[in-house]
Amino acid sequence: MRSSLPEKTKTSGTTLMARTVALVLAVNLFVIVLGTVTLRQSRDQYLRSAEIQGRNLTQTLVYSISGVLDAADISLLSVVDEAARQHRQGGISANTLNAFIIAQHTRLPALDSIRMADEKGNILYGTGVDPGSRKSIEERDYFVKLRDTPRAALVISKPVLGLISGKWVVILARRVSGANGAFAGVVYCSIPLEKIRNMLSTIDVGVRGRITLRDESLNLILRHPQQLPVSTELGRKPVSPEMQKRIARGMSSDTYYADRSTDGTPRLVSYSKVGRYPLYISIALLPDEILMRWHRELLQILALVVLFLTVTSALSRVIYLRLLRQEQAEEEQRRAREELEVRVAERTEAQRLTNEQLKLELAVRERAEEELRRGRNMLAQIINTIPQFVFWKDRDSIYQGCNIVFAKAAGLDDPELIAGKSDYDLPWLREESNAYRSDDRAVMEGNRPKCHIIEQQLQASGRHLWVDTTKVPLCDETGTVTGILGVYDNITERKMIEEARDRALAMLESLLASSPTAILVYEGESGACVKANQAASDLAGGTVQQLLSQNFREVPSWEAGMRAAAELVLSDGQTRSIEIATTSSFGKLLQVECFLSRFDVEGKHHLMFIAVDMTERKRLEQEKRLIESQMLHVQKLESLGVLAGGIAHDFNNILMVILGNADLALMRMAPDSPACENLAQIEQAASRAADLARQMLAYSGRGKFVIEKLDMTRLVQEMGQMLEVSISKKVMLRYDFAPGLPPVSGDATQLRQVVLNLVLNASEAVGDANGMIVISTKRLFCDRAYLSESWIDDRLPEGDYVVIEVSDNGCGMAREVIPRIFDPFFTTKFTGRGLGMAAVLGIVRAHHGAIKVYSEKGRGSTFRLLLPCVEGYADHHEAADPGPLWRGSGTVLLADDEESIRGLGRDMLETMGFDVLLACDGQEALEVYRRHKEEIVCVLLDLTMPHLDGEQTFRALRELQPDVKVVISSGYNEQEVTMKFVGAGPSGFIQKPYRVNEMSRTLRGVLGE
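Keep in mind the model is a prediction, meaning the values are calculated, not measured.

(A) Inspection of empty space enclosed by the protein at higher detail. Tallying each qualifying case throughout the model produces 7 cavities of 30 Å³ or more. Of the pockets and cavities examined, the largest cavity occupies roughly 250 Å³. Leu520, Ala540, Trp558, Leu590 and Phe609 are, among the 22 residues lining the largest cavity, the residues nearest its centre. Residue assignment for the lining of the largest cavity shows that the elements contributing at least two residues are β17 (518-523), α12 (534-540), β19 (576-583), β20 (589-601) and β21 (604-613). Each residue belonging to the lining of the largest cavity can be placed in one class, and the counts come to 17 nonpolar, 5 polar and no charged.

In structure tokens, the structure reads:
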């Protein structure tokens, strides 16, 4: 007993030491693992930061270089336009072109020079060109390409040695075309490679990093830092296969790790295409330099771990020694107490132990059996109450047991009935049973569990369930596999929910992709774009990937009020809309209506941006406003036209009395009578008043009297003498007629009035100064866009039109005056009547034509008349001799509401030998006709009368006698009157005011004598 105490103390000390060592090792292992994980994460973070840095540096160089190239291209386009303009004006002015090129070069210090060569390649103009030197670029590749390719745009050459500067440069060149479109030379600018190298040198790529600029064939243009002379490096193609493959697949930019670069060193490479130009910029960073800081951190952490291990080992040793001494002291006290107790109870205890030994063994056996029985019952209850399906099999995959849930699925009433059955004895499909047994073999042979097997199972009820199965091997005390335990859960509902979720997500993606409305989603906190559909990329003019790389807080186009609205929506959650006109970050002009709303995903605010393109809607609204403005003007002109037409009608009745009586008086008076001169002046004044009435009718749109096919060139030529005497003596009249013009359909008198009014207005615009009026004619095809810009758009059809243009170099008109020149009674002249241009508009509209006006204050005016062409040839008329007055016989019924006209008409008719019956209105005319129907040979009806007008009276007369001869008299033109009579019209028409000879010719034609 005593000899065993030192051994027990020694065993206790060994156990304590083992525990202490185990604790220290566990702590040290944890520290090592933690340090390793931290170092690994830190290394990954450095590499990710390096990738981002590489991409950012590449994009910085892309923006810098493409900005220089864009500015250079704009300057080249400006010089090309200036050279083309000078070619069109007769030839190149060296001083003017050199001054223009110097001005362009001054704005771009990055350029070495801007020069122009002629079609032979001789450098003649630009900065640094010595007039006496003869340098030629005829053999340069860019000159040959632009000369041989008329449609070539901007050409970027390979690096060349400058002919004048002697520097290595990159040439940007554009083609210059002459006035006839032929090749006229090349405008080019040179960018020194040294200046590009200076741009690259601003980027820190480490000691062994490098930056390269390559052309579209990946030939080397420039390398920084420079390793070889420029002439040696140019054209070399030291590019990694990874980069070649990516560019070949159409990837304009990417970042990747190259295991072996051209010099055999692994590098992180980031490349990108330079904007729209056939150039590539790449940055290669050395991983060792990227991870240099990480290496320092690695050494620091290793030093800390070593220090920690040393300190913990020393502390554990001190603690172990202290605990060991304390345990030894306690053990000595315990041994002394036990020795005393053992001596006292040694004998009595031996007997008691003998008696109780048997009872103890019996009680232990009973407790073990009871615990085993309770454990089995508890296990059976647990297995049968859990909702999962539980089963176990032996080594041959024969079922040994299951829970009640599994038994019901297998179509069994009692779980004990499963014993001895295989999967083929249960209602599963055969292919399902084969799969189950295959999984069983895999678990038992590998002695490894197989978890979460997703499969289908046919139930005894006929239902197919989706189940999630886990199988683990069952082993005996020796570790030998004796069977398997399986547990599976019914996941059919979860599977249906997942499938429904997948379908909903797919539908949402499809709806977003096919939506015609632009939709963007941004994270509220970061502002990054997380979702964009194709409609958004089409609207902005970029790609979906470009939109996803943007941040709405950094996009310049959001500065037009959208960014402030977006921040308000994110803060208060209220949906807002805003209309903006801006330019997208891709340079596309936008006019959109934007809707901004907020929604939450996983507790984070997101911003939804919906944009509707309003360009077409705005265009239609503008077009609608223009049409409404034109319709308002048309309605005003038509209202005043009705008033002018009414006044002209009444005026014609008065002139009828004056002209008719003067005509009769001249006929009845001796030719040598002194009063003949007075009557002639009365007749002349009345004729001028009739012309005024015709102008008023023309303004009202009722001025087309005699419609015929007219040659407008001949019509203007015939007016030459009259126009010469009508304008100021200081104004020269010049003609410019196009030969072989087609005819137009119209009234020669009205069109002469139009030309006369325009020429008189032009003469008055020139005033007392010396000036020129040009009258020209030509043929022009007019489409709807051109016709819609005329003064009043009457929706004229497209086609060929004859153009009569009257232009002057007079005072011109201010922009705000032009819209009012066709208003009645508006004039810019102190003595003007203000009806001339209104009458011109009325006549042109009556001829289904259009008017276009061009004028600037102090630079003259041009009026362009457009008259539709007609088929055939112009009509030619010989002047008819009136001859002696024709005389007839019989009775004529004259109906007019004006008593003076009735009296005048009686005199005219009696002069021609007719008997006359009078009626003051249509009703009385019908009554007179009924009484004297047999003797009346003709009826002369006024169109406008009370009770029954001329049209109603005419129809009533035709009902009384279908073949009655009726002549209609009116102040309106014949065409408008004829339109009122459908079918069989009147026998003749005579327009007021008329003379005796006109009435005689009309009645002679009607009565056929």
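(B) Geometry of the nonpolar core. Counting residues in each nonpolar core, the largest one holds 42 residues, and the members touching the most others are Leu69, Leu172, Ile211, Leu213, Ile281 and Ile283. Per element, the largest residue contribution to this core is 11 residues, and it comes from helix α1 (residues 4-88). By size, the runner-up hydrophobic cluster in this structure holds 40 residues, among which are Met719, Val755, Leu758 and Val840.

(C) Representation of the environment of Met116 in the model. Within the secondary structure, Met116 sits in strand β1 (residues 113-117). Taking the relative accessible area as the measure of exposure, Met116 reaches 2% and is therefore buried. With 11 residues separating them along the chain, Met116 and Thr127 place their C-alpha atoms 9.3 Å apart. In this structure, Met116 is in contact with Ala83, Leu97, Asn122, Ile123, Leu124, Tyr125, Val176, Ala184, Val186 and Val187, ignoring residues within four places of it in sequence.

(D) The arrangement of the layout of surface pockets in detail. For the second largest pocket, the calculated volume is near 980 Å³. Every residue lining the second largest pocket is counted, 24 residues in all, and those nearest its centre are Gln59, Tyr63, Gln546, Ser549 and Phe586. Elements that contribute at least two residues to the lining of the second largest pocket include exactly α1, β10 (267-273) and α13 (544-548). Top element by residues in the lining of the second largest pocket is α1. It accounts for 5 residues. Partitioned by chemical class, the residues of the lining of the second largest pocket number 7 nonpolar, 13 polar and 4 charged.

(E) Expanded view of the packing of helix α23 (residues 922-931) against helix α24 (residues 950-960). Where α23 meets α24, the axes come as close as 10 Å, and the angle between the chain directions of the two elements is 20°. In terms of axis orientation, α23 runs roughly parallel to α24. In this structure, α23 crosses over α24, and the sense of that crossing is right-handed. From α23, Gly922, Ala925, Leu926, Tyr929 and Arg930 reach across to α24, where they touch Thr953, Ala956, Leu957 and Leu960. When grouped by side-chain class, the residues that make up the contact of α23 with α24 number 6 nonpolar, 2 polar and 1 charged.

(F) A look at the sheet that holds β17. The 5 strands lie next to each other as β18-β17-β21-β20-β19, forming an open sheet whose pairing is antiparallel. In the strand order of this sheet, the two ends are held by β18 (529-532) and β19, each with one partner. Adjacent strand axes in the sheet meet at a mean angle of 25° when their direction is disregarded. Two elements, β17 and β18, share 3 bridges in a ladder whose sense is antiparallel. Along β18, the bridge assignment pairs Val521 with Lys531.

(G) How the structure looks around a nonpolar patch on the surface. Together, Leu307, Val311, Leu315, Ile319 and Leu323 line one region of the surface with nonpolar side chains, adding up to about 430 Å² of accessible area. Note on placement: Leu315 falls in helix α8 (residues 292-385).

(H) Summary view of the UniProt feature "modified residue: 4-aspartylphosphate" (unreviewed entry) in the protein chain. Per the UniProt record, "modified residue: 4-aspartylphosphate" (unreviewed entry) is annotated on Asp942. Under the relative-accessibility criterion, Asp942 is labelled buried at 0%. Among residues more than four places away in sequence, those in contact with Asp942 are Ala895, Asp896, Asp897, Gly950, Ser969, Ser970 and Lys992.

(I) Inspection of the packing of aromatic side chains at higher detail. This structure, assessed with the given rule, holds 16 aromatic pairs. For the pair Phe391 and Tyr488, a centre-to-centre distance of 6.3 Å together with 55° between the ring planes defines the contact as tilted. Placement of the pair is Phe391 in strand β12 (residues 389-394) and Tyr488 in strand β16 (residues 481-490), with a sequence separation of 97 residues. Considered together, Phe391 and Tyr488 belong to a single accessibility category, that of buried residues. Measuring from centroid to centroid gives 5.2 Å for Phe552 and Trp558, while their planes differ by 40°, and the two rings are tilted. Note on Phe552: relative accessible area 0%, which makes it buried. Its relative accessible area of 4% is what places Trp558 among the buried residues. In textbook terms, an aromatic cluster arises when at least three aromatic residues are bridged by ring pairs, as seen for Phe389, Phe391, Tyr399, Phe406, Trp428, Tyr436 and Tyr488. In this arrangement the basic side chain of Lys495 is found over the ring face of Trp466, its NZ or CZ atom lying 4.8 Å from the centre. The ring centre of Tyr786 lies 4.3 Å from the NZ or CZ of Lys852, which sits over that ring.

(J) Focus on the environment of Ile610. Mapped onto the elements of the fold, Ile610 is located in strand β21. Taking the C-alpha atoms as reference points, Ile610 and Glu593, 17 residues apart in sequence, are found 8.3 Å from one another.

(K) Structural view of the sheet that holds strand β7 (residues 210-215). The 5 strands are arranged β8-β7-β11-β10-β9 in an open sheet whose pairing can be described as antiparallel. Each edge of the open sheet carries a strand with a single partner, namely β8 (220-224) and β9 (253-258). The sheet shows a mean angle of 15° between the axes of neighbouring strands, direction not considered. Here 6 bridges tie β10 to strand β11 (residues 279-285), and the two strands are oriented antiparallel to one another. Residue pairing for β11: Val269 is matched across the bridge by Ala284. Packing of helix α6 (residues 241-248) onto the sheet brings it into contact with β9, β10 and β11, and relative to β9 it is tilted by some 155°.

What counts and what doesn't
Residues numbered from 1 in each chain as written. Predicted model: local features only at pLDDT ≥ 70, side-chain atom pairs only at ≥ 80, totals over all residues. Heavy atoms only, no water. 1 Å grid on protein atoms, 1.4 Å probe; cavity = no way out; pocket = protein on both sides within 12 Å on 5 of 7 lines; lining within 4 Å. Points joined across faces, edges and corners; volume = space filled by probe spheres on them. Helix = DSSP H or I, 4+ residues; strand = E, 2+ residues; numbered from the N terminus. Nonpolar A, V, L, I, M, F, W, Y, C, P; charged D, E, K, R; others polar. Core = buried A, V, L, I, M, F, W, Y, C linked by side-chain atoms within 4.5 Å. Buried < 20%, exposed > 50% of the residue type's maximum accessible area, 1.4 Å probe, protein only. Contact = heavy atoms within 4.5 Å. Axes fitted to C-alpha atoms, helices over the stretch in contact; angles between N-to-C directions. Parallel < 35°, antiparallel > 145°, perpendicular 65-115°, else oblique. Left-handed = near helix turned anticlockwise from the far one by under 90°. Pairing = 2+ DSSP bridges. Patch = residues over 30% accessible without salt bridge, like charges linked within 9 Å, V, L, I, M, F, W, Y side chains within 5 Å. Areas by Shrake-Rupley, 256 points an atom, 1.4 Å probe, with all protein chains shown as cover. Salt bridge = Lys/Arg side-chain N within 4 Å of Asp/Glu carboxyl O. UniProt positions renumbered as here; feature names shortened; annotations may be inferred. Phe/Tyr/Trp six-rings, centres within 6.5 Å; stacked < 30°, edge-to-face > 60°. Lys NZ or Arg CZ within 6 Å of the ring centre and 35° of its normal.

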